[in-house]
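Observations on the three-dimensional arrangement
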Amino acid sequence: MAGRVRGGVFSRLVALVARLRAVGGKRLADIVVVAVVAGAAAGAALYLGDTTPVRFVENVTYDLRLAFGAPKAQSDFAIIKMDDAATQAMAESSPCHCLAPIDKAWLGDLIAALDAKGVKAIAVDYLLDTWSSPEEFQDFERRIAGVKAPLIAVVDPARTPGVDFPVSKKVLYSDARALMHVDYDDVIRRYDPTPSRYQAFAVRVATAVTGMKPPTEEFDIRYRQRDPNVSDENMGAIAPSYSAAFVPFVPANLLKGKIAFIGSVTRSATADSSTPKEDMHATPLRFLPGHTQGTPGVEVHVHALSQILAGDKVRRPGPVLDTLMVLLAAVCGALLGRSTQRWWISLGIVLLGMAVLLGSAFGLYVYGALMIPMMTPLLGFAFGFFILSRLSAAELQTQRAFYSSTLERYLAPQVIDRMVDGREEVKIGAEEREITVMISDLENFSTLVATLPLDTFSEVINEYFDGVIDILWKHEAMIDKMTGDGIIAIFGAPVASNDHADKAIACAREIDQYALEIRERMIARGIKFGYTRMGLSSGIGLVGNFGGERRFNYTAYGEVVVIAARLEAANKTFGTRILFSGDTLKLAKKDVPIDAVGEIDLKGVPVPIPAYTTRTDAA
């Protein structure tokens, strides 16, 4: 049976919506409810968007789009790796045989060798602002004197050129601190073009090579795909990578016209190398092979330079559009939530909404470089859907409780439940089913009506029927109809049961006890209250909805109903209060006191019917 809605937030909201509909009408009320729910859902989503768990998931979705939606790499670059082999070669040529700092003489020869192979520019991701002696600087200058390609190196912006270190006319100085660790996870997603008085490394290279106007505002790095021609040891690299130790042996055609970056790339160390990973940074590419332990810093600069040269960028909608997007998602969720579905359908709708949002976000980035927020719209959608679906469910539950409490006065609870739950289709039609029919009648009812004042009669008859109906429902009877002083009840329909005969007999016995008790009370009050007589019959009946399209009744037809009616009337002849047929006795499984009355002829029944009665303790 549909229960009453428990008190709480949603029940109060249901009451508020009902008042709103009463004042402004259903359409206006629905619009207001959707708008308010969507606004609340969007506000909650935007608030939660600043919390660490949501930011974490948002960052992951952002990084996945960057990694798997990356544009193809350009063929303008080459990476000269300072790997195990390079550091070993440098150490062997260095007078001190040391691995750090980088030997400037060795570096100068490397730069000259790259220039001789026709590179377009040379970018050195090593500090060139510390010199052991003026002679070391002069020796470096001599070694790079013939270099024609632009030479860009990084320096410490805290050091003053010409004061703290000598300035080379061949070198363009830049700041390598452009890699911005944003958010709490230290994943490099942004690039600062002017981190100090020097331009950022990639920006300085871009201006030196193209003379372009440099960017001035921070930007999201749009990472590129790996170069398709890199070998396994360079897995994930954005460009062909060569050990600095072997540059003299690299064919010139592989380097000609390239922008060569010199930097530490410890990814290329052999698997059993004891060389620690240096200058490695967590990036959105960490989900891809070759980047799981970090991306070399020099390659991050190459990704930024590639983006600058291509003229593209990661586009973001901005705060206003972000808010509107979350609000729109919340409205969609609220509108879908109005259809009060089963929980698994609701879950499916949320998951489908999530999939649509994920697919749309990925497509927008791949084809338009547009990076929309993921978590806040998703939360807005989910909150809007949940609130409206729960509100609609609470509203429906309230309506069901109201309709049920109203219909209980006319229909059996079993019928109401089956209709509300959708198990009993409300249509004209019937089926044959084995049932037990019980028909009762109150003796001297006409006299009772004629002799009692109206108020007293109403009180007496209502008390009588209240008790009888409670007993009928206790034994799962369906009340077919009430005929003034009598009741027609069906056992075994609409909900089928295999013990309907036992339930009917037990119900008749309990009604008999109750009827005797209320008769005694009424006689004590001076009211001539008669006996209650009942007839029971079991058999196949035609059960279902009968009537017209606009008005019908759930009832039963067949000989089983006729026999029950005739047995009820026969009680007067045999001086009994309960009579039931032999078919009912055959179906009964429980032992109760039974007396045989004999075979009796019943009007409208072609053959005599074996009849039985039962006694109650109060008899």
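Residues numbered from 1 in each chain as written. Predicted model: local features only at pLDDT ≥ 70, side-chain atom pairs only at ≥ 80, totals over all residues. Heavy atoms only, no water.

Some details on the overall build of the protein chain
Applied cut-off: Each helix is a run of DSSP H or I of at least 4 residues and each strand a run of E of at least 2, with the numbering of both proceeding from the N terminus. Think of it in three bands: residues with accessible area under 20% of the maximum for their type are buried, residues over 50% are exposed, and the middle band is partly exposed, with areas taken using a 1.4 Å probe on protein chains only. Whether two residues touch is decided by their heavy atoms; if any such pair falls within 4.5 Å, the residues are in contact. Method for areas: the Shrake-Rupley scheme with a 1.4 Å probe, in which residue coverage is limited to the protein chains shown.
Scanning the protein chain from terminus to terminus reveals 17 helices and 19 strands. Burial status across the protein chain gives 47% buried among its 619 residues. A fraction of 73% describes how many contacts in the protein chain between residues 6 or more apart in sequence connect residues 24 or more apart. Surface accessibility of the protein chain: about 30400 Å² in total, with carbon and sulfur atoms responsible for 57%.

Comments concerning the packing of aromatic side chains
Our working definition: Pairing of aromatic side chains requires ring centres within 6.5 Å, counting the rings of Phe and Tyr and the six-membered ring of Trp. Pairs whose planes differ by under 30 degrees are stacked, by over 60 edge-to-face, and all others tilted. Two conditions define a charge sitting above a ring: the NZ of Lys or the CZ of Arg must be within 6 Å of the ring centre, and it must be within 35 degrees of the ring normal.
Overall, the coordinates contain 10 aromatic pairs when judged by the stated rule. Summarising the aromatic geometry, the rings of Phe-165 and Tyr-173 are spaced 5.7 Å apart at their centres and angled 70° between planes, so their arrangement reads as edge-to-face. Of the two residues, Phe-165 and Tyr-173, both sit in the buried class. Through a chain of ring-to-ring contacts, three or more aromatic side chains come together here, namely Trp-131, Phe-137 and Phe-140. Over the aromatic face of Trp-131 sits the side chain of Lys-104, whose NZ or CZ is 5.2 Å from the ring centroid. Arg-222 extends its terminal NZ or CZ atom over the ring of Tyr-365, reaching a point 5.1 Å from the ring centre.

Brief notes about the packing of helix H7 (residues 201-210) against helix H8 (residues 297-310)
The line we're drawing: Angular values range over 0 to 180 degrees, each being the angle between N-to-C directions of two axes fitted as lines to C-alpha atoms, with helices fitted over their stretch in contact. Any angle between 65 and 115 degrees counts as roughly perpendicular, while under 35 counts as roughly parallel, over 145 as roughly antiparallel, and the rest as oblique. If you view the pair so one helix is near and one far, a crossing is left-handed when the near helix is turned anticlockwise from the far one by less than a right angle, and right-handed when it is turned clockwise. Following the grouping adopted for this structure description, the nonpolar residues are Ala, Val, Leu, Ile, Met, Phe, Trp, Tyr, Cys and Pro, the charged ones are Asp, Glu, Lys and Arg, and the polar ones are all others, Gly among them.
In the contact formed by H7 and H8, the axes pass within 8 Å of each other and the chain directions differ by 45°. With respect to H8, the axis of H7 lies oblique. Here H7 and H8 pass one another in a crossing that is right-handed. Across the interface between the two elements, Phe-201, Ala-202, Val-203, Val-205, Ala-206 and Thr-210 of H7 pack against His-301, Ala-304, Leu-305, Ile-308 and Leu-309 of H8. Of the residues belonging to the contact of H7 with H8, the class tally is nine nonpolar, two polar and no charged.

A word on the pattern of salt bridges
Counted only if it meets this: The term salt bridge refers to a pairing of a side-chain nitrogen on Lys or Arg with a carboxyl oxygen on Asp or Glu at a separation within 4 Å.
Counted by the stated rule, this structure contains 25 salt bridges. Linking Arg-189 and Asp-185 is a salt bridge whose minimum nitrogen-to-oxygen distance equals 2.7 Å. Given a relative accessible area of 4%, Arg-189 falls into the buried group. Among the ionic pairs, Asp-480 bridges to Lys-481, the shortest N-O distance being 3.1 Å.

Quick word on unusual backbone geometry
Here the amide bond leading from Ala-493 into Pro-494 is cis, since omega sits at 0°, within 30 degrees of zero. On the secondary structure map, Pro-494 appears in the loop between strand S14 (486-491) and helix H15 (500-524). The residue Asp-186 is not glycine, and still its phi comes out positive at about 60°. Within the fold, Asp-186 resides in the loop between strand S5 (179-182) and strand S6 (187-191). The class for Asp-186 is partly exposed, based on a relative accessible area of 44%. If you check the backbone angles, Ala-369 has positive phi at about 55° while not being a glycine. Note that Ala-369 resides in the loop between helix H10 (343-368) and helix H11 (375-407). Ala-369 gets classed as buried once you look at its relative accessible area, which sits at 6%.

Quick look at helix H14 (residues 454-474)
Count 3.6 residues to each turn of an α-helix, and residues three or four apart come out pointing the same way. Inclusion rule: A helix is expected to span 1.5 Å for every residue after the first.
Compared with an ideal rise of 1.5 Å per residue, which puts 21 residues at 30 Å, H14 spans 30 Å between its outermost C-alpha atoms and is within 8% of the ideal. Phi turns positive one or two residues past the end of H14, at Glu-476, with a value near 65°.

A short note on the sheet that holds strand S2 (residues 121-127)
To be explicit about the condition: Only strands joined by at least two bridges in the DSSP assignment are considered to pair.
Across the sheet, which stays open at both edges, the six strands sit in the order S4-S3-S2-S9-S1-S8 with parallel pairing between neighbours. Where the open sheet ends on each side, the last strands, each with one partner, are strand S4 (171-174) and strand S8 (241-243). The average undirected angle you get between the axes of adjacent strands in this sheet is 25°. The pairing of S2 with strand S3 (residues 151-154) spans four bridges and is classified as parallel. Bridge pairing links Val-124 to Ala-153 in S3. Across the sheet, helix H5 (residues 104-116) touches strand S1 (77-82), S2, S3 and strand S9 (259-264), and the angle it forms with S2 is around 165°.

Description of the side chain of Gln-74
Here is the rule: For this analysis, a polar contact is any N or O atom pair within 3.5 Å, provided that within protein one partner can donate a hydrogen and the other can accept it, and provided that sequence-adjacent residues contribute only side-chain to side-chain pairs.
Examined against the element boundaries, Gln-74 turns out to sit in the loop between helix H3 (52-68) and S1. For Gln-74, the side chain forms a polar contact with the side chain of Ser-306, separated by 2.3 Å.

Comments concerning the sheet that holds S6
A sheet is described by the order of its strands in space; here three strands give the open sequence S5-S6-S7, paired in antiparallel fashion. Looking at strand neighbours, the two that pair on one side only are S5 and strand S7 (219-220), the edges of this open sheet. One ladder, built from two bridges, connects S6 with S7; its direction is antiparallel. The partner of Tyr-191 across the bridge, within S7, is Phe-219.

Details of a nonpolar patch on the surface
Heads up, the rule is: Patches here are clusters of residues that have more than 30% relative accessible area and form no salt bridge, with a 9 Å joining cutoff for like charges and a 5 Å cutoff for nonpolar side chains (Val, Leu, Ile, Met, Phe, Trp, Tyr).
Judged by side-chain polarity, Leu-64, Phe-68, Phe-287, Phe-362, Val-366 and Tyr-367 come together as a nonpolar surface patch covering roughly 600 Å² of accessible area. Sort the elements by how many residues they give to the nonpolar patch and H10 lands first, with three residues. Mapped onto the secondary structure, Leu-64 falls in helix H3. On the accessibility criterion, Leu-64 (33% relative accessible area) is partly exposed.

What about H15?
Its 25 residues place the ends of H15 36 Å apart at the C-alpha level, agreeing with the 36 Å of an ideal helix rising 1.5 Å per residue. Directly beyond the C-terminal end of H15, a positive phi value near 85° is found at Gly-526.

Focus on the environment of Asp-84
Locating Asp-84 in the fold gives a position in helix H4 (residues 84-93). Sequence separation of Asp-84 and Ala-244 is 160 residues, and the distance between their C-alpha atoms is 9.8 Å.

Focus on the environment of Asn-545
Its location among the elements puts Asn-545 in strand S15 (residues 532-547). Judged by its relative accessible area of 8%, Asn-545 falls in the buried class. Taking the C-alpha atoms as reference, Asn-545 lies 8.6 Å from Ala-556; in sequence the two are 11 residues apart.

What about the environment of Lys-590?
Along the chain, Lys-590 falls in the loop between helix H17 (582-587) and strand S18 (594-600). Judged by relative accessible area, which is 62%, Lys-590 ranks as exposed. Sequence separation of Lys-590 and Asp-499 is 91 residues, and the distance between their C-alpha atoms is 9.4 Å.

Just distances and angles here, no functional claims.
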